[in-house]
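# Residue-level structural notes
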Amino acid sequence: MSKRPSAGYIIFRRLERNPIEYLLLQTSSGKHHWTPPKDLELLSWYENNNKKTIIKFGRLEAGESPLQAAERETKEEAGLDKNDLEYYNQFQETITYDSKGQLKNVFYYLASLRNVDQIIRLSDEHQNLCWSTLEDACRLANHSETENVLRKADEFIQKNL
């Protein structure tokens, strides 16, 4: 069984006197799950298994590194580019799961908005966005591996940033 790689960012912002908030996007198709941008094939897998996910990611294109794919997907699906985000290279998590009989590796990275008032420009794949606390993001995720990645990111932020 071959592994198909995907990659994405956990994007957060920190407002004065407020907890850290994570960017969530609501898909335009299917059951309108809340996610950061990701590929629709994975969305289909989650819908068929009554699951939801939170982290933004997409498939790697030919010749792309996971980090390059995460940057491209963030630009395509949220309108955010390298100048809008501060990257934390010390944080990287990978999960592996079965998607339609194929193992899929997802590489997660961490980034924060440089400007907390930055406008997010949704792609046609999403109909809405929200900023969510860790607990709300985990509740919406309803997927243990995704919740674990969110909690690891939050722990990293609390200890290092």
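Scoring rules and cut-offs
Think of each chain on its own: its residues are numbered from 1, step by step along the sequence as written. The predicted origin of the model limits local features to residues at a pLDDT of at least 70 and limits the giving and counting of side-chain atom pairs to 80 or more, whereas totals for whole chains, interfaces and linings rest on all residues. Water and hydrogen atoms were dropped before computing side-chain values, which therefore reflect all heavy atoms in the structure. UniProt positions are given in the numbering used here, feature names are shortened, and annotations may be inferred rather than shown by experiment. When the centres of two rings from Phe, Tyr and Trp lie within 6.5 Å, Trp using its six-membered ring, the rings pair. Their planes under 30 degrees apart give stacked, over 60 give edge-to-face, and anything left gives tilted. Per the convention used, a helix needs a DSSP run of H or I reaching at least four residues, while a strand needs a run of E reaching at least two, with both numbered from the N terminus. Note on exposure labels: buried denotes an accessible area under 20% of the residue type's maximum, exposed denotes more than 50%, and partly exposed covers the range between, all computed with a 1.4 Å probe on protein chains only. Helix span, as expected, comes to 1.5 Å for every residue beyond the first. Just to be clear on terms, a salt bridge is a Lys or Arg side-chain nitrogen sitting within 4 Å of an Asp or Glu carboxyl oxygen.

The protein is annotated in an unreviewed UniProt entry as Bis(5'-nucleosyl)-tetraphosphatase [asymmetrical] of Rotaria magnacalcarata. Word for word, the UniProt comment on the protein under Sequence similarities (unreviewed entry) is "Belongs to the Nudix hydrolase family."

Geometrically, a pair of aromatic rings is defined through the distance of the ring centres and the angle of the planes. Following the criterion strictly, the structure yields four aromatic pairs and no others. Ring centres of Tyr-9 and Tyr-109 lie 5.9 Å apart, and the angle between their planes is 50 degrees; this geometry places the pair in the tilted category. Here Tyr-9 is found in strand E1 (residues 3–14), whereas its partner Tyr-109 is found in strand E6 (residues 102–113), with 100 residues between them in sequence. By relative accessible area, Tyr-9 is classed as buried at 1%. Grouping aromatic residues by their ring pairs yields a cluster made of Tyr-9, Tyr-87 and Tyr-109.

Its 13 residues place the ends of helix H2 (residues 66–78) 18 Å apart at the C-alpha level, agreeing with the 18 Å of an ideal helix rising 1.5 Å per residue. Those residues of H2 that sit buried are Ala-69, Ala-70, Glu-71, Arg-72, Glu-73, Thr-74, Glu-77 and Ala-78. Within two residues after H2, Gly-79 carries a phi angle of roughly 70 degrees, on the positive side.

Further remarks concern the pattern of salt bridges. Throughout the structure, instances matching the rule amount to ten salt bridges. For Arg-13, the salt bridge goes to Glu-21, with nearest N and O atoms at 2.8 Å. On the accessibility criterion, Arg-13 (15% relative accessible area) is buried. Look at Glu-21 and you get buried, because its relative accessible area is 14%. The salt bridge partner of Glu-93 is Lys-152, with a shortest N-O separation of 3.3 Å. Of this pair, Glu-93 sits in strand E5 (residues 85–99) while Lys-152 is found in helix H4 (residues 144–160), placing the two residues 59 residues apart along the sequence. Residue classification places Lys-152 among the partly exposed residues on the basis of a relative accessible area of 42%.

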